[in-house]
Amino acid sequence: MDEKIKELSKKHNIPAALLKKAIEMEKEKVVLKNRQLVPKIIQLIEKYSEASD
């Protein structure tokens, strides 16, 4: 699975850690509905974009 995440990360220019975290959130059912997932993913993107600056 890590190889696929790395492949997607390169293909879409998204940090692998961000993809892994989104997958973890889905697996753990931290969010129950898509409308709750989007704000959480936006927060993750902001966090990773700030870290890369």
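As a starting point, this report considers the structure included with it. Counting from 1, residues in each chain are numbered in the order their sequence is written. The predicted origin of the model limits local features to residues at a pLDDT of at least 70 and limits the giving and counting of side-chain atom pairs to 80 or more, whereas totals for whole chains, interfaces and linings rest on all residues. As a rule here, side-chain values cover all heavy atoms of the structure and leave hydrogens and water aside.

**Description of the overall build of the chain**
Working step 1: Note on conventions: DSSP H or I runs of at least 4 residues are helices, E runs of at least 2 residues are strands, and numbering of each starts at the N terminus. Scanning the chain from N- to C-terminus turns up 3 helices and 0 strands.
Working step 2: In the chain, the order of α-helices and β-strands from amino to carboxyl end is α-α-α.
Working step 3: Relative accessibility decides the category of a residue: with a 1.4 Å probe and only protein chains considered, values under 20% of the type maximum give buried, values over 50% give exposed, and everything between is partly exposed. Across the 53 residues in the chain, those meeting the buried criterion constitute 13%.
Working step 4: Using a 1.4 Å probe, accessible areas were evaluated by the Shrake-Rupley method; residue-level cover was limited to the displayed protein chains. For the chain, the accessible area works out to roughly 4,600 Å², and carbon and sulfur atoms hold 54% of it.

**What to know about the side chain of S9**
Working step 1: Residue position: S9 is located in helix α1 (residues 2-12).
Working step 2: Polar contact is defined as a pair of N or O atoms within 3.5 Å, subject to the rule that within protein one atom must be able to donate a hydrogen and the other to accept it, and that residues adjacent in sequence are counted only when both atoms are side-chain atoms. For S9, the side chain forms a polar contact with the main-chain oxygen of I14, separated by 2.4 Å.
Working step 3: In this analysis, two residues are considered to be in contact whenever any of their non-hydrogen atoms come within 4.5 Å of each other. Discounting chain neighbours no more than four positions away, the residues touching S9 are I14, P15, A16 and L19.

**A look at the pattern of salt bridges**
Working step 1: Any carboxyl oxygen of Asp or Glu that lies within 4 Å of a side-chain nitrogen of Lys or Arg is treated as forming a salt bridge with it. Throughout the structure, instances matching the rule amount to 2 salt bridges.
Working step 2: For D2, the salt bridge identified is with K20, shortest N-O distance 3.8 Å. Within this pair, whereas D2 is found in helix α1, its partner K20 is found in helix α2 (residues 16-28), the two being separated by 18 residues in sequence.
Working step 3: Between E7 and K4 there is a salt bridge whose closest N-O contact spans 3.5 Å. Residue E7 and its partner K4 are both found in helix α1; the two are separated by 3 residues, about one turn of the helix.
Working step 4: Looking at E7, the relative accessible area reads 49%, which means it is partly exposed.
Working step 5: The exposure class of K4 is partly exposed, given its relative accessible area of 46%.

Treat this as a map of the structure, not an account of what it does.
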